[in-house]
Amino acid sequence: MLLAAHLLTRFDPHTGTIPGVGESVRRLSELAGYFADEAAYGAALSKGDPIVYATSGAEPAAGAGDLHYALARLMPGRIGGEYYMTKGHYHAWRPAAEVYVGLSGSGAMLLEDEAGEESSLVPLEANSIVYVPGATAHRTINTGATPLVYLGVYPAAAGHDYGAIATRNFRSVVVEVNGQPTLLDRREYLAALGQGAGAYRHP
Ligand code: S6P
Ligand code: ZN
């Protein structure tokens, strides 16, 4: 059955908003434990609690073959050397893949396999599409100076598993080194910060 109200959604590619649809907002205070440099995180939070990212989801239908999608706006910024980023997650239904379409701004997606052995940093910007395979942890990172806006499309049955990332985080961090986004081993970055490998939570 064609549900006319669900067939077309107009959105603003510069803000990642859908007129008339509320956003789900993630502020800096909700990202405790995600950024590697805990001293820099505490210092930033003492100055305010800015919005780091906001999402607007659409769930037109929830049948076995249906799709859900979400627009997101990830703000520019850094905590220490690490760029503003999303929490990141696996899909609760592990085989569920996802397609990301960059709409404005510039950044990247950090993708990791579940064993934590492989990390890929894939550019995400206007006119680019990133395919996230199933069973892959995915986090979006804004490496630019303007909001990074993108669309993600995923199976309605995907669900979100934040627990694994909240517990052990990604194996890699993306930090600015000599003005360039650089993928580093979390353990080595923490050692360089003087926080020691004890703060590295991946098994
Ligand atoms: C949903 C999709 C995105 C994220 C968004 C926020 O499957 O991957 O819409 O929800 O990038 O990230 P997170 O990790 O807080 O859900
Ligand atoms: Zn996802």
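Refer to the structure printed above.
For clarity, every value in this text was computed on a predicted model and none was experimentally measured.

**As for the pattern of salt bridges**
Then, in step 1: Tallied over the entire structure, the rule returns five salt bridges.
Then, in step 2: Ionic pairing is found between Arg78 and Glu176, a salt bridge with its closest N-O pair at 3.5 Å. In this pair, Arg78 sits in strand β4 (residues 78-79) while Glu176 sits in strand β12 (residues 172-177), placing the two residues 98 residues apart along the sequence.
Then, in step 3: Residue classification places Arg78 among the partly exposed residues on the basis of a relative accessible area of 40%.
Then, in step 4: Arg94 is paired through a salt bridge with Asp161; the nearest N and O atoms lie 2.9 Å apart. Taken together, the positions of Arg94 in the loop between β5 (82-83) and β6 (98-104) and Asp161 in the loop between β11 (148-155) and α3 (163-168) put the pair 67 residues apart, joining distant regions of the chain.
Then, in step 5: Judged by relative accessible area, which is 23%, Arg94 ranks as partly exposed.
Then, in step 6: Here the residues in one salt-bridge network are Arg94, Glu114 and Asp161, joined through shared partners.

**Section: helix α2 (residues 38-47)**
Then, in step 1: The residue sitting at the N-terminus of α2 and contributing the capping side-chain oxygen is Asp37; that oxygen lies 3.3 Å from the backbone nitrogen of Ala39.
Then, in step 2: Downstream of α2 by a residue or two, Gly48 has a phi angle that is positive, lying close to 155°.

About the thresholds
- Residues numbered from 1 in each chain as written.
- Chains lettered and ligands numbered in written order.
- Predicted model: local features only at pLDDT ≥ 70, side-chain atom pairs only at ≥ 80, totals over all residues.
- Heavy atoms only, no water.
- Salt bridge = Lys/Arg side-chain N within 4 Å of Asp/Glu carboxyl O.
- Helix = DSSP H or I, 4+ residues; strand = E, 2+ residues; numbered from the N terminus.
- Buried < 20%, exposed > 50% of the residue type's maximum accessible area, 1.4 Å probe, protein only.
- Polar contact = N/O pair within 3.5 Å; in protein donor to acceptor, adjacent residues only side chain to side chain.

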